[in-house]
Amino acid sequence: HWERIALYYHMPINPKLWTESTLSSTWPSSIAYLALRDQDAPRAARFLRLVREAAFLDRRDVGTRAVLFDLLSAAGADPDPLLDLAFSEAGRNRLLANMKPMVEFDITAFPTVVIVNRAGEGVKIVGVRTAETYRKAIQRMLPADAVLTTRGSEPLAELLERIPTLFDNEVEKIYDVKPDGFLDFIGANLPAGTYATGERLGHRFVKRPDQGIKSKK
């Protein structure tokens, strides 16, 4: 199943995650993310990405305090206060409150994106959709006379500050790069010595030398 998911989304997932590993719970990492997001949204985004890499690539149990301590530290956060909340009843209640919209909007599939305007009107987008689908959905939620504008993708160097590791498919989609042009694009857009490349589970990646996953051939 997970191998098919990896092929469908063109993203690396270690298929042994569920057969040879133990993932005790995703609740503590989710609670820590929510708390960190309130403090520092960009740092929370880095932490969430590190959690996904640790689970789906390295098969680490992201439900344990020790692993989450490492990941929060790598994201530059102060781990202990966040972890105290993550493993508490208060943290559990915080996550349950955050999950209420899933029931309200009848969310049962992944991915699901719900866009709500100030009037409380909403639209639900289920499954993998094109950018045009999202553009139309956003336009529907705006006043009739509103003009929706778009901007180009942020520079690769800035994106790597937010996301520790970028895989080939992500770079190709974001920057409209052909598969055989991945390394050339990286070399043309990042100064030498500021990045490292490698391959995991058949997917090439680029990262800052001191961030994200370790290069494993």
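To be clear, the structure that these remarks concern was listed above.
Just so we're clear, the structure is a prediction, and the values are computed from it rather than from any experiment.

It is worth spelling out unusual backbone geometry at this point. The phi angle at Asp176 is positive, at roughly 55 degrees, despite the residue not being glycine. Here Asp176 lies in the loop between helix H10 (168-175) and helix H11 (182-189). What makes Asp176 exposed here is its relative accessible area of 71%. Even without being a glycine, Leu201 presents a positive backbone phi close to 50 degrees. Locating Leu201 in the fold gives a position in the loop between strand S4 (196-200) and strand S5 (203-207).

It is worth spelling out the pattern of salt bridges at this point. Enumeration over the complete set of coordinates arrives at 13 salt bridges. Ionic pairing is found between Glu53 and Arg49, a salt bridge with its closest N-O pair at 3.5 Å. Note that Glu53 and Arg49 are positioned in helix H3 (residues 41-56) at a spacing of four residues, about one turn of the helix. Each member of the pair, Glu53 as well as Arg49, is classed as buried. When the shortest N-O distance is used, the salt bridge between Glu170 and Arg49 registers 2.8 Å.

Let us look at the side chain of Arg49. Note on Arg49: relative accessible area 13%, which makes it buried. Among residues more than four places away in sequence, those in contact with Arg49 are Met11, Ile163, Pro164, Thr165, Leu166, Phe167 and Glu170.

Our next topic: the sheet that holds S4. Backbone-to-backbone hydrogen bonds join strands into a sheet, with any given pair of strands oriented parallel or antiparallel. Reading across from one edge, S3-S5-S4 is the order of the three strands in this open sheet, with antiparallel pairing throughout. In the strand order of this sheet, the two ends are held by strand S3 (165-167) and S4, each with one partner. Each neighbouring strand pair of the sheet contributes to a mean axis angle of 30 degrees, computed without reference to strand direction. In this structure, S3 lies alongside S5, joined through three bridges in antiparallel fashion.

Rules used throughout
- Residues numbered from 1 in each chain as written.
- Predicted model: local features only at pLDDT ≥ 70, side-chain atom pairs only at ≥ 80, totals over all residues.
- Heavy atoms only, no water.
- Helix = DSSP H or I, 4+ residues; strand = E, 2+ residues; numbered from the N terminus.
- Buried < 20%, exposed > 50% of the residue type's maximum accessible area, 1.4 Å probe, protein only.
- Salt bridge = Lys/Arg side-chain N within 4 Å of Asp/Glu carboxyl O.
- Contact = heavy atoms within 4.5 Å.
- Pairing = 2+ DSSP bridges.
- Axes fitted to C-alpha atoms, helices over the stretch in contact; angles between N-to-C directions.

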